[in-house]
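Each chain, letter by letter, is given below.
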Amino acid sequence: MLNVIIFSLTGFIGISSLYNATTIVLEQDDESSKTRKKIIQSWLLLYAFVGSQLGWTLRPFFGTPDSVFQLFREREGNFYLSVIQSLGYLLGIR
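Residues numbered from 1 in each chain as written. Predicted model: local features only at pLDDT ≥ 70, side-chain atom pairs only at ≥ 80, totals over all residues. Heavy atoms only, no water.

Visitor: Whenever I open this one, helix 3 (residues 79-91) confuses me. Can you help?
Guide: Side chains three or four residues apart in an α-helix point the same way, a direct result of the helix having 3.6 residues per turn. Compared with an ideal rise of 1.5 Å per residue, which puts 13 residues at 18 Å, helix 3 spans 18 Å between its outermost C-alpha atoms and is within 8% of the ideal. Near the N-terminus of helix 3, the side chain that reaches the backbone nitrogen of Tyr 80, with its oxygen 3.3 Å away, is that of Asn 78. Among the residues trailing helix 3, Gly 92 stands out with phi positive, at a value near 80 degrees. (Helix = DSSP H or I, 4+ residues; strand = E, 2+ residues; numbered from the N terminus. Expected span 1.5 Å × (residues − 1). Polar contact = N/O pair within 3.5 Å; in protein donor to acceptor, adjacent residues only side chain to side chain.)

As structure tokens, this is what we get:
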């Protein structure tokens, strides 16, 4: 869960700085800036979902310390299900 928190924080910082830079550019252009702003917001949301799943799929160096090193692991579901299961384990629900 610590990795998820760190990756979420750094992803949020990166996306917010990109969004702030695009709003500066969009302020200079008056016509159709609302449409462009909505497209950028949609793209950044899609970027966050794809980036989290991609980070989950390409996670060769994070795991349990007792396990054998594997460059490519078998796919074990997706990022979102794993986070929900980890939160349930931490809260004692499961």
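Visitor: I tried to follow the packing of aromatic side chains on my own but got confused; where do I start?
Guide: What describes a pair of aromatic rings is the distance from one ring centre to the other and the angle between the planes of the rings. Tallying each qualifying case throughout the model produces 3 aromatic pairs. Centre to centre, the rings of Trp 43 and Tyr 47 are 5.3 Å apart; their planes meet at 20 degrees, and the pair counts as stacked. Within this pair, Trp 43 and its partner Tyr 47 are both found in helix 2 (residues 33-57), separated by 4 residues, close to a single helical turn. Grouped by ring-pair contacts, the aromatic residues Phe 49, Phe 79 and Tyr 80 constitute a single cluster. (Phe/Tyr/Trp six-rings, centres within 6.5 Å; stacked < 30°, edge-to-face > 60°.)

Visitor: Sorry, what's going on with the side chain of Thr 22 here?
Guide: With respect to the helices and strands, Thr 22 occurs in helix 1 (residues 2-28). What makes Thr 22 buried here is its relative accessible area of 18%. Polar contacts involving the side chain of Thr 22 include one to the main-chain carbonyl oxygen of Tyr 19, which spans 2.8 Å. (Buried < 20%, exposed > 50% of the residue type's maximum accessible area, 1.4 Å probe, protein only.)

So far we have only geometry, and geometry alone does not tell us how the molecule works.
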